[in-house]
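# Tertiary structure, described
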Amino acid sequence: MVDQQSSSSGNPYGSTSTFNRRHVSSYQPHRSTGTQVDGKCYEDAFWKQKPLQGRKITPADVITAYANDRYSLRSGFFLQNLFLQNIPNDQRKISPDQVIQEFNRAPDRNNKCQLAVARFKAECCLRGLPLNGQQVTPDAVVKDFPDSLEGKLGIARFKEQCCLRGLPLNGQQVTPDAGVKD
């Protein structure tokens, strides 16, 4: 087997390509700036309860780090996890409305925001957690899923959970074959 490696103009930070007769793989080493840390790093440090840049990370730090990220849903998922685990942000409980607003903050590419909101509402319904002071009904959850392959899969998974928990849908108990039909 022949391996050939090359680096673009001898640059130590350039990409390295390897050819082994089957495929070419490109490896681009991570270049650290040393000063800027992204929201995901803050979030990882928070959940692992490890210091970052010499200090303990709080939920507010993670939310601030995600503030400029307009295209990712990570900040919404972070708030969702805080809400579902009953972890406060600056001594205040996270509300379901905050989670939904955070998901809707990003542009909705390919219905990803709508899908995230529907999944969050499904989780609230299954856990018996209220939204806007009212219980979330299974019927309302099903209506919120987008008309896409991911949405149909989300509905099928939700119906499966309704069946397992005995929650009615459209006024009727969900049967095990209801998810299969969809």
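Further up the page is the structure itself.
The rules behind these values
- Residues numbered from 1 in each chain as written.
- Predicted model: local features only at pLDDT ≥ 70, side-chain atom pairs only at ≥ 80, totals over all residues.
- Heavy atoms only, no water.
- Helix = DSSP H or I, 4+ residues; strand = E, 2+ residues; numbered from the N terminus.
- Buried < 20%, exposed > 50% of the residue type's maximum accessible area, 1.4 Å probe, protein only.
- Axes fitted to C-alpha atoms, helices over the stretch in contact; angles between N-to-C directions.
- Parallel < 35°, antiparallel > 145°, perpendicular 65-115°, else oblique.
- Left-handed = near helix turned anticlockwise from the far one by under 90°.
- Contact = heavy atoms within 4.5 Å.
- Nonpolar A, V, L, I, M, F, W, Y, C, P; charged D, E, K, R; others polar.
- Salt bridge = Lys/Arg side-chain N within 4 Å of Asp/Glu carboxyl O.
- Expected span 1.5 Å × (residues − 1).
- Phe/Tyr/Trp six-rings, centres within 6.5 Å; stacked < 30°, edge-to-face > 60°.

## Digging into unusual backbone geometry
You will see that glutamine 53, though not glycine, has its phi angle at about 55°, which is positive. By secondary structure assignment, the location of glutamine 53 is in the loop between helix H1 (39-48) and helix H2 (59-66). Residue class for glutamine 53 comes out exposed when judged on its relative accessible area of 51%.

## A look at the packing of helix H3 (residues 74-84) against helix H4 (residues 96-105)
Contact geometry of H3 with H4 gives a least axis separation of 8 Å together with a crossing angle of 165°. One finds that H3 runs roughly antiparallel with respect to H4. Note on packing geometry: the crossing formed by H3 with H4 is left-handed. On the side of H3, the interface is formed by Ser75, Gly76, Phe77, Leu79, Gln80 and Phe83, while H4 contributes Pro96, Gln98, Val99, Glu102, Phe103 and Arg105. Split by residue class, the contact of H3 with H4 holds 6 nonpolar, 4 polar and 2 charged.

## Topic: the pattern of salt bridges
Across all of its chains, the model carries 7 salt bridges by this definition. With a shortest N-O distance of 3.0 Å, arginine 55 and aspartate 61 are connected by a salt bridge. When its relative accessible area of 40% is taken as the criterion, arginine 55 is described as partly exposed. The buried category is assigned to aspartate 61, whose relative accessible area is 17%.

## Examining helix H7 (residues 149-165)
Over its 17 residues, H7 runs 24 Å from end to end, which matches the ideal 24 Å to within 8%, given 1.5 Å per residue. Along H7, the residues classified as buried are Gly151, Gly154, Ile155, Ala156, Phe158, Lys159 and Cys162. Phi for glycine 166, located one or two positions after H7, is positive at around 75°.

## Remarks on the packing of aromatic side chains
Enumeration according to the criterion identifies 5 aromatic pairs in this entry. Aromatic pair phenylalanine 46 and phenylalanine 78: ring centres 5.6 Å apart, planes at 80°, arrangement edge-to-face. Pair noted here: phenylalanine 46 is in helix H1 and phenylalanine 78 is in helix H3, with a separation of 32 residues, a long-range link. Ring geometry for phenylalanine 77 versus phenylalanine 103: centroids 5.0 Å apart, planes at 70°, classification edge-to-face. Separated by 26 residues along the polypeptide, phenylalanine 77 in helix H3 and phenylalanine 103 in helix H4 bring together distant segments of the chain. Three or more aromatic residues link up through ring pairs in this structure, and these residues are Phe46, Trp47 and Phe78.

## What about helix H5 (residues 112-127)?
Between its first and last C-alpha, H5 extends 22 Å over 16 residues, near the 22 Å set by a 1.5 Å rise per residue. Those residues of H5 not exposed but buried are Cys113, Leu115, Ala116, Val117, Ala118, Phe120, Ala122, Cys124, Cys125 and Leu126. Contact partners of the buried residues in H5: H3, H4, strand S4 (130-131), helix H6 (138-144) and H7. Of the residues one or two after H5, glycine 128 is the one with positive phi, at around 75°.

## Regarding the packing of H1 against H3
Taken N-terminus to C-terminus, the directions of H1 and H3 make an angle of 15°; their axes are 11 Å apart at the nearest point. Accordingly, the angle class assigned to the pair H1 and H3 is roughly parallel. Considering how the two elements wind past one another, H1 and H3 form a crossing that is left-handed. Contact with H1, carried on its side by Lys40, Glu43, Phe46 and Trp47, involves Arg74, Phe78, Asn81 and Leu82 of H3 and no other residues of that element.

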